[in-house]
Structures are given as structure tokens and as C-alpha cells.
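Residue-level structural notes
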Amino acid sequence: MNDSDSPPLRLVRSTKADVPPTRADRVIEDGLAEVVTLGRRNAAGASEAEERDFFADTIAEYQWARDAAGLAPSTLDHLVQPVLEVCDHYDVVAWRLTPRMLDRYLAGPGKRASSTLRGKLMRLDHYFAFLEQRYAGEIFRRFGVAVESPVDDFNRPVHRGDFGLRVPPSQRAMREFFARWRDSLESARKAVVARRDYVMGKIVYISGVRAAELCGVKLCEVHWESGQWGRFLVHGKGARRSGPRQRLAYLFEEGRDLLWWYVEEVRGEFADDPEDPAAPLFPSERIPRAISALNVATGGLAVTPSTFRRALRHAGTRFLTGPVTELYPHLLRHACATHNYERGMGLWEVQKLLGHERPTTTVQYLSAAHADPERASLAASSRAVQRLHVDQGNLR
């Protein structure tokens, strides 16, 4: 029995290919008519070139959107690299990828370390979230494909607390490491480059800055008059989509003396113009041919973080002793936090040193610190007794 408000259902009879459908056969309900119309459009379809051009447009707009959000140019390239990598392997556009295709690639030719795969999957998933929100309807209308991320519940990375603990070398091991590295500078094949790498490694250990932050410092961003021993401006990474954040990093007495020696004795040995305020503090030894052909004094290119990582890893292999044998810039950052905390620096000061917004992030850097709760309890009791003695027993 049909409801009085509902139109009667009609049977759509099949017709032969050489007999055109009648007008009565085309009288279908509105919802079904939309499906039929959409199906005819999909059957006609767009050309493969149009689909690839539209894919390129989505990649560009995704980068524009993240650029408007304040991300650094180097970060923008890393965002789309996994998408292009998988699509180039299968020679398809992104919305035609399936979870099975992604699994086969990442388990086969795209197999990398677990941390690398985790980052690629997260960037892939974030790009598909952009597609679903902005272009899902248009992609379905033009190409007949429903946008769905190939990162599903089974291959999506989940934080299970299985990240390796970063245990930095001890204070004694770090002192011996830098002493051996310093003694080897005179016999280095490229003495200027070796001194630059040594100063960079020591500054990272003293100030706790990241490799990319240190490589981006310009000569004009060193403020010798700030604070007690001088500071330098770094462009740190953002948090919660805030974009890069600037902060002043600390040199302390040892770092000021070391950096002053580098600027006075070493920096001028590079091929660029050391008098240019916009020149990098730590330049690359290579000058592009297009710039060197001008035969004018110009600021050079900054050394890249990857070059600094290789130099630090090589130095760690040669001069580092103890259970920790591999050294990289972020481990120096952990060593800076841990050793300063062990020497008596408070949690708030360590947080300020590293440029963290939240103390919970700083605590993660102190997981290897040698804390002694019993000694801390005795020290707190001693401070309380001293306060009572000064106040002559007045507890108000």
C-alpha cells in the first residue's frame, strides 16, 4: 500500500540499444534523476590530462593554504613530497590511491625507518583532509571518484609510547669529546670548515638551539650587547599552527668567547662578504656559479642542516667515547637540557633555554637526567630552616 503523500513507484523497463527510450521511461523520481544525470557525466568523463592538471592545482593550493598559515618554505616542500612520491610510483592522481596501494608501496620500494614512515603517513592524511574539505564535491562531479584517504584505521600511525629514549652522553663524555675535536682542528684537511663545524656543535650544546635554527642565523642577528654575555636571534619552529616563532638564544660566557673567536679569526676566511650584515653566520664553503660569475662581494649561502648533521656524526664517530656512540644535533639539544638541569638549573630556566611553550615538553627532554628526590627533600628542608632562622620563627 502506498502512502498518499508519496508518488507511486515506477518500474524502469530495459530497452534495446537501437530503440530510444520513451518519455514515460525518462519520468523518474527527482533523486534517481540526479543519480542518472551524474552517472552520464561520469561516463563521458574528463580527459586524463585535465585530471592531472586539476591534481597539480590542488597541490599548489594546498601549499598556498599552508603558506598562509605561516609555515616555512622548507616545510611546505616536505608537506607534499610523500603525496607526489606515491603518485609518481603508481602514475595516478592522489584520489585514485587506495589503502592497499599505499601499503604495498610503503612495505616494498618505499620502505623506510618507522619514524620516517610515520611522518609520511601523517602528511598524506593531512593532504587528503584538505581534499575532502575543499574539493571532494568537485572531484566527484568531474571525475566520478569519492575522495577518501588511503590512510585508514589499519595503517594510520598511532602513538603508543614506543619512541626510543634519547640518552645523551654524560657531562664528562661531552667535555672529552669537544676537547678531542678541538685538538684535531689544526690537522684537518679543510681547517676553516672544520673550525666552523666545531663552533656550530659547541654552540648547539651550549645554547640548546636546533640545527635548522642555527644554520639560519645571520651576522646581524647576533646581539653582543644583550643580556650578560650576548644572545642571538633564531627563527624557531611553530606550535599548533602558529608559524615560525622568533626567540633570543643564550650564549653564556663560554659561548660568547667561542663565537667571538670564530667571527674574528674564522668567518672572514670564507669566500663571501663577511661585512654584509645579511650574510649567514655559518656560511657554506661553496658559492653558486651564478653568484661567483658576478665577481662582486655578496653574501654567501648558509650551511645546510644536513651538512652540519653529517659533520657532527663524523666527529662523534671519531672523538666520542662511552656507551653513546652516535651524535646528532637534537641529541646535543637533549644533552644541553639534561646537563644544565643536573647542574642546578631550574625547570623554568631550562624551558626558557630551549624555547618551549609548555613545561611538559621540557620534561620529556629531562627523562635521562639523574634526579635524586631524597637529596631534593633534604635541600628543601634546609631552605625552610634557613627561612625560619631569618624570620626568627615568624611563620606569617
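Okay, so let's go over this structure.

**Considering helix α3 (residues 73-90)**
Between its first and last C-alpha, α3 extends 27 Å over 18 residues, near the 26 Å set by a 1.5 Å rise per residue. Along its length, α3 shows its largest kink, about 35 degrees, at Gln81, and proline Pro82 lies within four residues downstream of that point. Restricting attention to buried positions, one finds in α3 the residues Leu76, Leu79, Val80, Pro82, Val83, Glu85, Val86 and Cys87. For α3, the elements touching its buried residues are α2 (48-68), α4 (99-107) and α5 (114-134). Looking one or two residues past α3, Asp91 carries a phi angle of roughly 60 degrees, positive in sign.

**Quick look at helix α8 (residues 191-207)**
Given a rise of 1.5 Å per residue, 17 residues ought to cover 24 Å, and the 24 Å separating the end C-alpha atoms of α8 matches this to within 8%. With 14 of its 17 residues buried, α8 lies for the most part within the structure. Just beyond α8, the residue with positive phi is Gly208, at close to 75 degrees.

**Quick word on a nonpolar patch on the surface**
On the surface, a nonpolar cluster with roughly 230 Å² of combined accessible area is contributed by Tyr341, Leu347 and Val363. Along the polypeptide, Val363 turns up in helix α15 (residues 359-365).

**So, the side chain of Ser207**
Looking at the secondary structure, you find Ser207 in helix α8. For Ser207, the side chain forms a polar contact with the main-chain oxygen of Ile203, separated by 2.6 Å. Those residues within four positions of Ser207 in sequence are excluded, and the remaining contacts are Phe232, Tyr250, Cys336 and Leu353.

**Brief notes about the pattern of salt bridges**
On inspection of all chains with the given rule, the structure shows 18 salt bridges. For Asp125, the salt bridge goes to Arg156, with nearest N and O atoms at 3.3 Å. A residue pair is termed long-range when its members are at least 10 positions apart, and Asp125 in helix α5 and Arg156 in the loop between α6 (136-143) and α7 (171-183) qualify at 31 residues. Among the residues examined, Asp125 registers a relative accessible area of 19% and is labelled buried. In this structure, Glu138 and Arg142 form a salt bridge, with 3.5 Å as the shortest nitrogen-oxygen distance. Taken as a pair, Glu138 and Arg142 lie in helix α6 at a separation of four residues, close to a single helical turn. Overall, the relative accessible area of 27% leaves Glu138 in the partly exposed class. Several salt bridges converge on common partners, so that one network encompasses Glu48, Arg52 and Asp91.

Cut-offs used in this document
Residues numbered from 1 in each chain as written. Predicted model: local features only at pLDDT ≥ 70, side-chain atom pairs only at ≥ 80, totals over all residues. Heavy atoms only, no water. Helix = DSSP H or I, 4+ residues; strand = E, 2+ residues; numbered from the N terminus. Expected span 1.5 Å × (residues − 1). Bend = angle between axes of the 7 residues up to and from the residue. Buried < 20%, exposed > 50% of the residue type's maximum accessible area, 1.4 Å probe, protein only. Contact = heavy atoms within 4.5 Å. Patch = residues over 30% accessible without salt bridge, like charges linked within 9 Å, V, L, I, M, F, W, Y side chains within 5 Å. Areas by Shrake-Rupley, 256 points an atom, 1.4 Å probe, with all protein chains shown as cover. Salt bridge = Lys/Arg side-chain N within 4 Å of Asp/Glu carboxyl O. Polar contact = N/O pair within 3.5 Å; in protein donor to acceptor, adjacent residues only side chain to side chain.

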